[in-house]
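Listed below, chain by chain, are the residues.
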Amino acid sequence: QVQLVESGGGLAKAGDSLRLSCAASGRTFRSYAMGWFRQAPGKEREFVASINWSGSNTALANSVKGRFTISIDNAKNTVYLQMNSLKPEDTAVYYCATRPPGQFIWDYWGQGTQVTVSS
C-alpha cells in the first residue's frame, strides 16, 4: 500500500520557521504531483502548495506566497514545506497528498501533522 507520513509539526511563535516533511513509500511517484493542504478546526481543508515530481513547477496559495517554499527530493521520495514568518492563522493540521498526472483528484493522503503558531 501507499503510505504518506508527515513530520516536523509542532509549536512555534509568530515569525518563527518550521519545515514539514512528507515521506512517501509503496510505489514510484514519477510524473505525480505532490501537495500540501491544511485544515483548521471548524474550517474546510484548503490548498497550500504543490510541486511536480521533478521539482521544476510549483504552486502556492496566495496566503503563503513569499513565506512558504515547497521542494522535493525524489531520490528519497520526500516532499518538504519550508514555512517562514509563521502567523497564528497558519495554525492547522497539515496534510500531504499525491495526484496522478492529468487528473484533478488527490488519491493518497497522509495522517497529518499539527502546526500551532502562537502570537
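Structure's up top.
Just so it is clear, the structure is predicted and the values come from calculations on it, not from any experiment.

Novice: What am I meant to see in the nonpolar core here?
Specialist: The tendency in soluble globular proteins is for nonpolar side chains to be buried side by side. The biggest cluster of nonpolar side chains holds 30 residues, and the ones touching the most others in it are Met34, Trp36, Leu81, Met83 and Tyr94. Broken down by secondary-structure element, the contributors of at least two residues to this core are β3 (18-25), β4 (33-39), β5 (46-52), β7 (68-73), β8 (78-83), β9 (92-99) and β11 (113-118). Per element, the largest residue contribution to this core is four residues, and it comes from β3. Filtering out sequence-adjacent residues up to four positions away, Met83 remains in contact with Asp16, Ser17, Leu18, Leu20, Arg67, Phe68, Tyr94 and Val115.

Novice: I tried to follow the pattern of salt bridges on my own but got confused; where do I start?
Specialist: All chains considered together, the criterion is met by three salt bridges. In this structure, Glu46 engages Arg38 in a salt bridge whose closest nitrogen and oxygen atoms are separated by 2.7 Å. In this structure Glu46 comes out as partly exposed when scored by relative accessible area, which is 37%. Between Arg38 and Asp90 there is a salt bridge, and its shortest N-O distance comes to 2.9 Å. Placement of the pair is Arg38 in strand β4 and Asp90 in the loop between β8 and β9, with a sequence separation of 52 residues. For Arg38, a relative accessible area of 6% translates into the label buried. The class of Asp90 is buried, set by a relative accessible area of 0%. Among the ionic contacts, a cluster of salt bridges with common partners joins Arg38, Glu46, Arg67 and Asp90.

Novice: Which parts of the structure should I look at to understand the sheet that holds β7?
Specialist: Through backbone hydrogen bonds, the strands of a sheet pair up, either in parallel or in antiparallel fashion. The four strands are arranged β1-β3-β8-β7 in an open sheet whose pairing can be described as antiparallel. Each end of this open sheet is capped by a strand with a single partner; those strands are β1 (3-7) and β7. Going across the sheet, the axis of each strand differs from the next one's by a mean of 15 degrees, ignoring polarity. Strand direction decides the pairing type here: β7 and β8, joined by six bridges, are antiparallel. Opposite Phe68, over in β8, you have Met83 as the bridge partner.

Basis of the calculations
Residues numbered from 1 in each chain as written. Predicted model: local features only at pLDDT ≥ 70, side-chain atom pairs only at ≥ 80, totals over all residues. Heavy atoms only, no water. Core = buried A, V, L, I, M, F, W, Y, C linked by side-chain atoms within 4.5 Å. Buried < 20%, exposed > 50% of the residue type's maximum accessible area, 1.4 Å probe, protein only. Helix = DSSP H or I, 4+ residues; strand = E, 2+ residues; numbered from the N terminus. Contact = heavy atoms within 4.5 Å. Salt bridge = Lys/Arg side-chain N within 4 Å of Asp/Glu carboxyl O. Pairing = 2+ DSSP bridges. Axes fitted to C-alpha atoms, helices over the stretch in contact; angles between N-to-C directions.

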